[in-house]
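Single-letter residue listing:
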Amino acid sequence: MTATLIDGKAYAAGLGDRIAEGSADFSTETGRAPGLAVVLVGTDPASEVYVRSKGRMARKLGMESFEHLMPVDTTQEALLALIARLNADDAVAGILVQLPLPRHLDSLAVVEAIDPAKDVDGLHPLNAGYLASGLPGLISCTPLGCLMLLKSTLGDLSGMDAIVVGRSILVGKPMAQLLLAENCSVTVAHSRTRDLAQKVGQADIVVAAVGAAEMIRGDWIRPGATVIDVGTSRVIRDGAQRLVGDVDFASASEHARAITPVPGGVGPMTIMSLMHNTLLAAFRRAGRPAPSLW
Ligand SMILES: Nc1nc2c(c(=O)[nH]1)N[C@@H](CN(C=O)c1ccc(C(=O)N[C@@H](CCC(=O)O)C(=O)O)cc1)CN2
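Quantities reported herein were computed from a predicted structural model and do not represent experimental measurements.

**Description of the UniProt feature "domain: Tetrahydrofolate dehydrogenase/cyclohydrolase catalytic" (unreviewed entry) in the protein chain**
1) Next: UniProt marks residues 6-121 with the feature "domain: Tetrahydrofolate dehydrogenase/cyclohydrolase catalytic" (unreviewed entry), using the numbering shown here.
2) Next: The annotated region residues 6-121 carries 51% helix and 16% strand content, and the separation between its end C-alpha atoms amounts to 23 Å.

What follows is the structure, encoded as C-alpha cells:
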C-alpha cells in the first residue's frame, strides 16, 4: 500500500479563502476588522519566523495585526501588564503569546492572564475545561488543524480507535479530547507507556506529537491506518539539514492509507487555525453568529 498524502498546505489555503470572506463580512457588519495581537518575548529565530508569519497571514486575510516584540529580559510584571492592556482593548479580538517563553517567565500564569474569550491559542484552563466538558470555547490551534485534516480525509470518525502519542497541553491533551468528542476510543501514550509499538499497531488513527525525530516506525502502523504527524525536528541527512516528523515517513507510507507530510502537513494548519479562532472570537465578541468554516 502506498499512502495518500494529506495536503495541509492545500487545505489551509482553502480554509484561508473562507476566513478572508468571513473577515470581510465582519468588517462590513461592524466597521472594524478582526484584530489579532501577537506577543513575542525575546529573539528565538524560529519564534520570530512564526510570529512574522502570523502577522502576515492575519493582514492577508483582512484582519488587523498588532505585534508586540518585547526584549528577552522582560519581567513577568511587564508581560502581565501588556496582557491586561490587550484584554481591555476593544480593537483586539484575539491574543496570542508565542511559546516557548524565556525560562524566567511563568508561562502558565501568562496564559491564565489572557481573557479566555480572547485566548485564540485555546490554552487557558477555562478553554481546556470547556473542551473536556463538550462546551463551546476556543480550541488549541494545532489539534484543531489535525482534526480538520482527519475529518476531511475520513469523514465520520465515530467508533475508530485512535492513539495520540504525546500528552502536552499544547497538542496531546486537547487532541485526545477532540477525538473523544468525535466518538473515537482514544489511547494517550507518553514517555512511560509500555509496548508502544503494539498500541500504535491497534489504531485506525495515529497522531504523533512527541517531538522525537522519526521515532514511530512504519512497521508499527496498522495497514490502512491514517497518520497525522505533528513533529518537526531538524536533522542532518547526507550532509544537508532536513525537517522530519515524529514518524518515519518513508516506511509509514508503505502501511498507512493516508499520511501528513513534514513539512506541508500539520504546520500550515496551525497558523490557519489561529486565523479561524481569531475570526470566531471576533464574531462572538460582537454578539454575532460566526460562519461555519469547516
Ligand atoms: N503560542 C503558541 N506557541 C507555539 C505554537 C502555538 O500553536 N501557539 N506552536 C508552535 C510553533 N508554531 C506556531 O506558533 C508553528 C510551528 C510550525 C509551523 C509550520 O508551518 N511548519 C512548517 C515547517 C516550517 C519550517 O520549515 O520550519 C510545516 O510543518 O510545514 C507553523 C507554526 C510552538 N509554539
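Having seen it, we continue.
**Description of the nonpolar core**
1) Next: Ranked by size, the top nonpolar core spans 92 residues in total, and within it Val164, Val206 and Val207 carry the most contacts.
2) Next: The element that contributes the greatest number of residues to this core is helix H10 (residues 266-285), accounting for 11 residues.
3) Next: Taken domain by domain, the makeup of this core includes at least three residues from each of domain 1 (23-136 + 269-285) and domain 2 (141-267).
4) Next: Non-local contacts of Val164, meaning those with residues more than four positions away in its chain, are made with Gly172, Met175, Ala176, Leu179, Val186, Val188, Val207 and Ala209.

**Quick notes on the UniProt feature "domain: Tetrahydrofolate dehydrogenase/cyclohydrolase NAD(P)-binding" (unreviewed entry) in the protein chain**
1) Next: With numbering aligned to this structure, UniProt lists the feature "domain: Tetrahydrofolate dehydrogenase/cyclohydrolase NAD(P)-binding" (unreviewed entry) at residues 140-283.
2) Next: Structurally, residues 140-283 is divided into 35% helix and 21% strand, and its ends, taken at the C-alpha atoms, are 18 Å apart.

**Digging into the domain arrangement of the protein chain**
Note: interface size is frequently given as the accessible area lost on complex formation between the parts.
1) Next: The domain boundaries assigned to the protein chain delineate domain 1 (23-136 + 269-285) and domain 2 (141-267).
2) Next: Contributions of two or more residues to the side of domain 1 that touches domain 2 are made by helix H5 (125-133) and H10.
3) Next: No other element matches the 6 residues that H10 contributes to the side of domain 1 that touches domain 2.
4) Next: In terms of residue class, the side of domain 1 that touches domain 2 is built from 7 nonpolar, 5 polar and 1 charged.

**A look at the sheet that holds strand E7 (residues 205-208)**
1) Next: As summarised here, the arrangement of the 6 strands in space is E1-E11-E8-E7-E5-E6, forming an open sheet in which the pairing is parallel. Edge positions in the sheet fall to strand E1 (4-5) and strand E6 (185-189), since each of these pairs with one other strand and no more.
2) Next: Of the pairings in the sheet, the one linking E1 to strand E11 (residues 258-259) comprises 2 bridges and is parallel in character. For Leu5, the partnering residue across the bridge sits in E11 and is Ile259.
3) Next: The strands touched by helix H6 (residues 141-154) are E7, strand E8 (226-229) and E11; relative to E8, the strand with the most contacts, the crossing angle is about 160°.

**Details of the sheet that holds strand E4 (residues 94-97)**
1) Next: If you walk across this open sheet you meet the 3 strands as E3-E2-E4, and the pairing is parallel. The open sheet terminates on both sides in strands that have one partner only, identified here as strand E3 (64-70) and E4. Averaged over all adjacent pairs, the angle separating strand axes in this sheet is 15°, with direction ignored.
2) Next: One ladder, built from 4 bridges, connects strand E2 (residues 35-41) with E4; its direction is parallel. Within E4, the position partnered with Val38 by the bridge is Leu96.
3) Next: Most of the contacts of helix H2 (residues 45-60) go to E2, to which it runs at about 170°, and overall it touches E2 and E3.
4) Next: Helix-sheet contacts for helix H3 (residues 76-88) involve E2, E3 and E4, and the interaxial angle to E2 is about 180°.

**A look at unusual backbone geometry**
1) Next: A cis amide bond, omega 0°, links Leu99 with the succeeding residue Pro100.
2) Next: Structurally, Pro100 can be placed in the loop between E4 and helix H4 (107-113).
3) Next: Here Val262 and Pro263 are connected by a cis peptide whose omega angle stands at 0°.
4) Next: The residue Pro263 is located in the loop between E11 and H10 in this model.
5) Next: Within the chain, Asn183 stands out as a residue other than glycine whose phi angle is a positive 70°.
6) Next: Relative to the helices and strands, Asn183 is located in the loop between helix H7 (172-181) and E6.
7) Next: Judged by the 12 C-beta atoms lying within 10 Å of it, Asn183 falls in the exposed class.

Definitions and cut-offs
- Residues numbered from 1 in each chain as written.
- Predicted model: local features only at pLDDT ≥ 70, side-chain atom pairs only at ≥ 80, totals over all residues.
- UniProt positions renumbered as here; feature names shortened; annotations may be inferred.
- Helix = DSSP H or I, 4+ residues; strand = E, 2+ residues; numbered from the N terminus.
- Core = buried A, V, L, I, M, F, W, Y, C linked by C-beta atoms within 7 Å.
- Buried ≥ 20, exposed ≤ 12 C-beta atoms within 10 Å, placed from the backbone.
- Domains from an automatic or database assignment.
- Contact = placed C-beta atoms within 7 Å.
- Nonpolar A, V, L, I, M, F, W, Y, C, P; charged D, E, K, R; others polar.
- Pairing = 2+ DSSP bridges.
- Axes fitted to C-alpha atoms, helices over the stretch in contact; angles between N-to-C directions.

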